[in-house]
Amino acid sequence: DRNVVESISEHRPKIDPAKEIDRVQSAGVTAFTWHDDAYPILLREIDDLPPILYMRGAFPHGTPSVTIVGTRKPTAYGREVATHLAGELAEAGVAIISGLARGIDGASHRAALKAAGKTVAVLGCGVDVIYPPEHAKLMDEIAETGAVLSEYPLGTKPEARHFPRRNRLLSGLSVATLVIEAGEGSGTLSTVKFALEQNREVLCVPGSIYSPASTLTNKLIQEGAKPILSTRDVLEELQALPLTETQQELPGLN
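The present account deals with the structure reproduced in this document.

Scoring rules and cut-offs
- Counting from 1, residues in each chain are numbered in the order their sequence is written.
- Two thresholds apply to this predicted model, a pLDDT of at least 70 for residue-level local features and 80 or more for giving and counting side-chain atom pairs, whereas whole-chain, interface and lining totals are computed over all residues.
- Processing note: side-chain calculations cover all non-hydrogen atoms of the structure and skip hydrogens and water entirely.
- Here a strand pair is declared whenever DSSP counts at least two bridges between the two strands.
- Numbering goes from the N terminus for both helices and strands, where a helix is a DSSP run of H or I of at least four residues and a strand is a run of E of at least two.
- For this analysis, residues touch if any pair of their heavy atoms sits within 4.5 Å.
- Between the N-to-C directions of two axes lies an angle of 0 to 180 degrees, each axis being a line fitted to C-alpha atoms and, for a helix, fitted only over the stretch in contact.
- Pairing of aromatic rings covers Phe, Tyr and Trp, the last through its six-membered ring, and needs centres within 6.5 Å; plane angles under 30 degrees mean stacked, over 60 mean edge-to-face, and all others mean tilted.
- For every residue, the accessible area (1.4 Å probe, protein chains only) is compared with the maximum for its type, and the residue is labelled buried under 20%, exposed over 50%, or partly exposed between those bounds.

1. Some details on the sheet that holds strand β8 (residues 201–205)
Part 1 of the argument: Reading across from one edge, β1-β2-β6-β5-β4-β3-β7-β8-β9 is the order of the 9 strands in this open sheet, with mixed pairing throughout. A single partner strand is all that each edge strand has here, and the edge strands are β1 (30–33) and β9 (226–227).
Part 2 of the argument: In this structure, strand β7 (residues 176–180) lies alongside β8, joined through 5 bridges in parallel fashion. Along β8, the bridge assignment pairs Ala176 with Glu201.
Part 3 of the argument: Together, β3 (65–70), β4 (95–98), β7 and β8 form the strand contacts of helix α3 (residues 76–91), whose direction differs from that of β7 by roughly 150°.

2. Some details on unusual backbone geometry
Part 1 of the argument: With omega at -5°, the peptide bond leading from Tyr131 into Pro132 counts as cis.
Part 2 of the argument: Inspection of the secondary structure assignment puts Pro132 in the loop between β5 (119–122) and α5 (136–145).
Part 3 of the argument: For Leu100, which is not glycine, the phi dihedral falls at a positive 60°.
Part 4 of the argument: Here Leu100 shows up in the loop between β4 and α4 (104–114).
Part 5 of the argument: Even without a glycine there, the phi angle at Glu181 is positive, about 65°.
Part 6 of the argument: In this structure, Glu181 sits in the loop between β7 and α7 (188–197).

3. Thoughts on the packing of aromatic side chains
Part 1 of the argument: Following the criterion strictly, the structure yields 2 aromatic pairs and no others.
Part 2 of the argument: On the numbers, 6.3 Å between centres and 90° between planes, the contact of Phe32 with Tyr39 is edge-to-face. Each member of the pair, Phe32 as well as Tyr39, carries the same accessibility label: buried.
Part 3 of the argument: Consider the rings of Tyr131 and Phe163, whose centres lie 6.0 Å apart with planes at 50°: the pair is tilted. A residue pair is termed long-range when its members are at least 10 positions apart, and Tyr131 in the loop between β5 and α5 and Phe163 in helix α6 (residues 162–172) qualify at 32 residues.
Part 4 of the argument: The partly exposed category is assigned to Tyr131, whose relative accessible area is 33%.

Structure below.
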């Protein structure tokens, strides 16, 4: 794709565009720019959108989506909630966007796959780099039926500074971000801030006032985030939001 070559040439002058395209194609990866139809429509609306996206699999265009984020060390409650909500949302035809991290992310991806739904993982490293290492099989399964996305070139290692930037894509790919368990000082807060800057909805699952894992989620609810008590609550929020031109109507609520 000439657009990809030109964008790589413009934004990554140290890379030989022709060699990079060959490397991407031989790895079974697709690279595309904001000029391409493959570029997610909701991501086009954000500030600082990435000029190039690298993808394994196929992005579920036209499907309503929810971003699910939370702590890497969930309680049994948090893991159960993530599994329950992500699974039922996926069954209802909602794509689950998350970051493939340990904890809430992994539980959400797995639940969507188990429900035979669509899920997308957004990485803070190259799509050919497995991180965390124990999610190698999960990453392959996501790529088989959904997509693994990154703005970083192949071979890019998962450096700490990449993840806060990655979070703007997590919130940008959905009309709503759902937070399930996040403590004080959690990196989840950067995703929430990006969602608010992008004029996207922030939804939170409340937790025990005695649980450090729910400090941030409870505080966000106190500050005006929508409390989520069931899958129905999420679907009602999605139905109340304006659909983009490529999104399908959600199934009616019973």
